[in-house]
Structure formats: structure tokens, C-alpha cells
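Per-entry structural report
Here are the chains, one letter per residue:
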Amino acid sequence: MQPQRRGFVVNTKTRTNPKNASSATDSRIITAGKIFVDGTMIELVAAPPGQQRPNLLLWNGRKATVGPHVKHGDRIYEAPVLDPTLSAGMRLPTCCCDYGSARNLFAGIRDLFQRHLGLPKPDSALIACFVLSTWLCDRLPSAPTLAISGPNEQLGIELLRLLHCVCRHPLILADLTPGSFRSLPMHLSLTLLLDQAMLKFPMQRVLYASSQRGLHLPGTAGRVLDVYGPKAIFSSHILFGASDGDALHVSLAPSRLPLATIRKQSELSEPVQQGIANYFPPRLLMYRLKNFPKVHDGHLDLDLSQFTVATCQLACNLARCFPGDAELRSEAVQLLQAQDEEVREQRSRDVDYVIIEILWRLLHNRERQVIVDQITKGVNALLATRGEIFSYRRESIGWRLRDLGIVRHDASSGQQVFFDRDTSKIVHRLARAYDLACAQNVDGDCPDCKTMQVPIAK
């Protein structure tokens, strides 16, 4: 049996206590946070020791009021009673206070991960972007995910602990399962910080669903669960979405710093963590209160044409977290350039990508048909030039063509693909979906190429 790590909750099934929650008078409304039409916001904040409920903070756009209950209009609001284990595992800010400028706040968070963990500046900056996004997640089209990989488990745990000091409503969990995930009180707008030794496919699907706004999971007794929220996941294995650009990806490579320096930097004792949590979350809460109304789903003045489609979506999410600083917004987006290049490199070795690439070239060379044997030889030859040692058989390529929707026809020389207009439309649609590099050079004489000249949404 593995020892339980300090700060970790294993397969937590914490719920708010409905008996205690219903003890409030009928005139009081239990809430973990609310945003009103007039822009007034209610937020959870920490209560003094011994109080069962958190305090609430009411922000009217100019000043904040904190107390066990707050009033808006003719209604009184108070926080739910939290299980003591949940209260102990989730950090809440005690108040809100001025953060200076977005750039100074961002730099301060970035420097935390450089100073305490010895992480490179670009990785620390990406993590700082994730931290800020957790405070604005409910205004973003999709929930941000930070995928952390690497062989050094202790460094990964230290990173989760540092995130626990600065993310919104953070909760560290180990070895989460789909069943225990459904039991979490996600109505508290949690940021999940997960240490996952293994990330099996069912758990990957659940985590993916939790990143998509409006996707619910089935509950019990006819209920559905809204599990939308940000998360950071540390695993020594490859994480879901990392190769598709769906997540911010940080690899914890072995540090080049001397061991004594690393030990000194990574001394994240409880007093050190508490000091960080006392300083940053109040400022991050004010950042949320002031910038939440400015975050929108509309047009962003950014040139994202150099990115893959998946990275474009991620870049838009990051950009929306800096609504008041266009220069900082652009700098944050450029942090994704190295990750996007890795996405392109990985995709170039994907067999479906290579099949579409070959069909695209044959189609625009005005070929009328091609046998599957020829496609197979071309796929294996192209993959070999890109460092792939695995070879595909003709039958496997035939199945991939079928799954891609490419119709094959029997002939005496073997199965063939005819380049008729229907096939051309399918190849062009797939080329756009897979963000094919060669498809950037469109053929002016090809009628289907003209349909691809729609600019990517920015």
C-alpha cells in the first residue's frame, strides 16, 4: 500500500451536507458563487477558523463586502456548509486586494515556478497562463488543461503543491477514477490538480468531457452532472490531448541545476506555501472581479495563421485571459509556438495524415485513379523518411481508407481509389480537418481548393 501523501486526497467523495444546508432560513439562498445581470458578483472566501461555512464576498464593481452572508436586492445569500476534509483540502482567498498591473501579476506567478522549482522561463510562463485562466474559466469557451509529464514524480508533486497555492478553488487528488470523479462537488468551481500514475482511456474520456462547456455526465436518479472545470494532470505517461494541442503541455525534464540548489529552491514547507497563498489569491481574485466582464467570445485581434487549428483554439483561450493588455496577450500566445511545432511533427507521422497527404498530391497531379498497393508503398516510404520504423500492410491501409470515408473499387489489379468529384471533396475536407501542411498551397484551378480559402477564425 502506498503511503498517503501530505496534501493529497485519494478518491474523495465529499459532498456538501444537505441537512446543514437546509437549516438556513427560507429567506436565505445557499450559493457557492453567483454572477448577476447587473455585473454584481458573489465569490467564496475563507472564513475564520471554527466557522463551518466559508464567507461570501459581494463585489458591486467598485467595492467588496465580506461576511457570513451578503445581500443583493431583497435576497440574502450564504455559502454552503463544507465537509471539514474538503475545507482543509481547498484553499480559498481571505479577501481581494489590488494587483497592480496584469504584467506584474503574471511575472510574479511565473517567477514562483522558476524560483521554487527551477523550471525554464517559457515553461513557467505557460504555467502562469494556466493559473490566470483558472480564475476566468467560467468565461472561456473550454476549460483549460495543463498536462504535466516527466519521470521525476517528486518534482511533479511539488509543482501540484505550488499550483495549489495560486489556482482558483484548488483541490489536489491522487488516482482519480471515473466513479470518484462523479462524486466531486464541482459546483464549487474546483480546479483539479491530479497526480495520475495511470491515465486509462475511460478516465481520459471523462476528463475530456469536463473540459467542454455544456457536456454533462450521467448521474443517479435521473440527474446529470455538470463537471466543467480546469485541471492540471501530472503523469509519467503521455497525457490525453497533448499531441492534438488540446492542453498546455509541460515536460519536466531533469534539471541542469546543481542538486543543492534544487533542494533549496524546492523547500515548499507549509509556512512557505501559506505565505504564497496569502499573497497571490487575493490579488488573483481582484483580477477576476475586474476582468471577468471584459472577457468575451468575440473577435480577437491576433494573427493565428501560423498555428494548427487545435492550437488556435488554445491560443484564443489564453488570449482571452488578458483582456486589458494587448502586448501581454500576444506574448502569451507566442508561448504556444514550440508546442504547436511538436504537434505538427507528431501529426506528420500519423498514418491517416500521411494517407491524406498522398491522396492530396495524386489528386492535384491530375491522376485519375490509384491502386491501394501504391498508396501503401507511398505511406511506408514517407513514414520511413520521418523516422517511423513500423510498416503497414495493404489490408491495414484499406481499412484506414474505409474509416476516412474514401470509397474503394475492386479491379483486376487490386482495389482502386478513383479521383472523382466526390472523392475530391472528401480529400479536401480531410485536408482541412487534419490541417495538412501541403494544403496551404492551394491549386487555383481546383474548384474544391477555393472552398478551403476561408481564413481560420481569429
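Residues numbered from 1 in each chain as written. Predicted model: local features only at pLDDT ≥ 70, side-chain atom pairs only at ≥ 80, totals over all residues. Heavy atoms only, no water.

Bringing the environment of Q415 into the picture now. Looking at the element boundaries, Q415 is found in the loop between α15 (394-403) and β17 (416-418). Overall, Q415 belongs to the partly exposed group, its relative accessible area being 32%. Ignoring anything within four residues of it in the chain, the contact list for Q415 reads V370, I371, V372, R408, H409 and D410. A distance of 3.1 Å separates polar atoms of two side chains, one belonging to Q415 and the other to R408. Here the side chain of Q415 touches D410 through a polar contact of 3.3 Å, side chain to side chain. (Helix = DSSP H or I, 4+ residues; strand = E, 2+ residues; numbered from the N terminus. Buried < 20%, exposed > 50% of the residue type's maximum accessible area, 1.4 Å probe, protein only. Contact = heavy atoms within 4.5 Å. Polar contact = N/O pair within 3.5 Å; in protein donor to acceptor, adjacent residues only side chain to side chain.)

One recurring pattern in soluble globular proteins: nonpolar side chains tend to sit buried together. In terms of nonpolar packing, the biggest core is built from 72 residues, with F113, V131 and L163 touching the most fellow members. Apart from residues lying up to four places away in sequence, V131 is in contact with I109, F113, L163, V166, C167 and L284. The next biggest cluster of nonpolar side chains, apart from the first, holds 32 residues, and it includes I42, L176, L184 and M203. (Core = buried A, V, L, I, M, F, W, Y, C linked by side-chain atoms within 4.5 Å.)

Okay, the state of the cysteines next. Note: disulfide means a covalent bond formed between the sulfur atoms of two cysteine side chains. For the structure on display, the rule yields 0 disulfides. You can see C95 has no disulfide; the closest cysteine sulfur is in C97, sitting 5.4 Å from it. Of all cysteine sulfurs in the structure, the one in C129 sits closest to C321, which takes part in no disulfide; the separation is 7.7 Å. (Disulfide = S-S within 2.5 Å.)

Within helix α12 (residues 337-347), burial applies to Q339, D340, V343 and R347. One side of α12 holds all its buried residues, which, seen down the axis, span an arc of 100°. For α12, the secondary structure elements touched by its buried residues are β15 (248-251), α10 (309-319) and α13 (351-364). (Arc of directions from axis to C-beta.)

This next bit is on the pattern of salt bridges. If you walk through the whole model with that rule in mind, you get 19 salt bridges. Its salt-bridge partner being R421, residue D448 comes within 3.1 Å of it at the nearest N-O pair. Linking D448 in the segment after α16 (421-433) with R421 in helix α16, this pair joins segments that are 27 residues apart in sequence. Here the residues in one salt-bridge network are E43, D138, R168 and R288, joined through shared partners. (Salt bridge = Lys/Arg side-chain N within 4 Å of Asp/Glu carboxyl O.)

Across the 5 residues that make up strand β11 (residues 191-195), a large majority, 5, are buried. The two faces of β11 match: T191, L193 and D195 on one face and L192 and L194 on the other face are all buried. Pairing of strand β10 (residues 170-174) with β11 involves 5 bridges; the strand directions are parallel. Directly across from I172, in β11, lies its bridge partner L193. Two elements, β11 and strand β14 (residues 231-235), share 4 bridges in a ladder whose sense is parallel. Paired with L193 across the bridge in β14 is A232. (Pairing = 2+ DSSP bridges.)

Turning our eyes to something else, we now look at the layout of surface pockets. Taken as a whole, the largest pocket encloses approximately 780 Å³ of empty space. Forming the boundary of the largest pocket are 34 residues, of which S87, A88, M90, R91 and Q274 lie nearest the centre. Ranked by residue count, the leading element in the lining of the largest pocket is helix α9 (residues 270-291), at 7 residues. Along the lines of polarity and charge, the residues of the lining of the largest pocket split into 16 nonpolar, 13 polar and 5 charged. (1 Å grid on protein atoms, 1.4 Å probe; cavity = no way out; pocket = protein on both sides within 12 Å on 5 of 7 lines; lining within 4 Å. Points joined across faces, edges and corners; volume = space filled by probe spheres on them. Nonpolar A, V, L, I, M, F, W, Y, C, P; charged D, E, K, R; others polar.)

The subject of this paragraph is the sheet that holds strand β5 (residues 55-59). One open sheet holds the 4 strands; their spatial order is β3-β4-β5-β6, and the pairing between them is antiparallel. The sheet terminates laterally at β3 (34-35) and β6 (64-67), the two strands that pair on one side only. Here strand β4 (residues 41-45) runs beside β5; their pairing, made up of 5 bridges, is antiparallel. Note on β5: the bridge partner recorded for L44 is L56. Docked against the sheet, α9 engages β3, β4 and β5, running at close to 170° with respect to β4. (Axes fitted to C-alpha atoms, helices over the stretch in contact; angles between N-to-C directions.)

These figures come from the coordinates and say nothing about function on their own.
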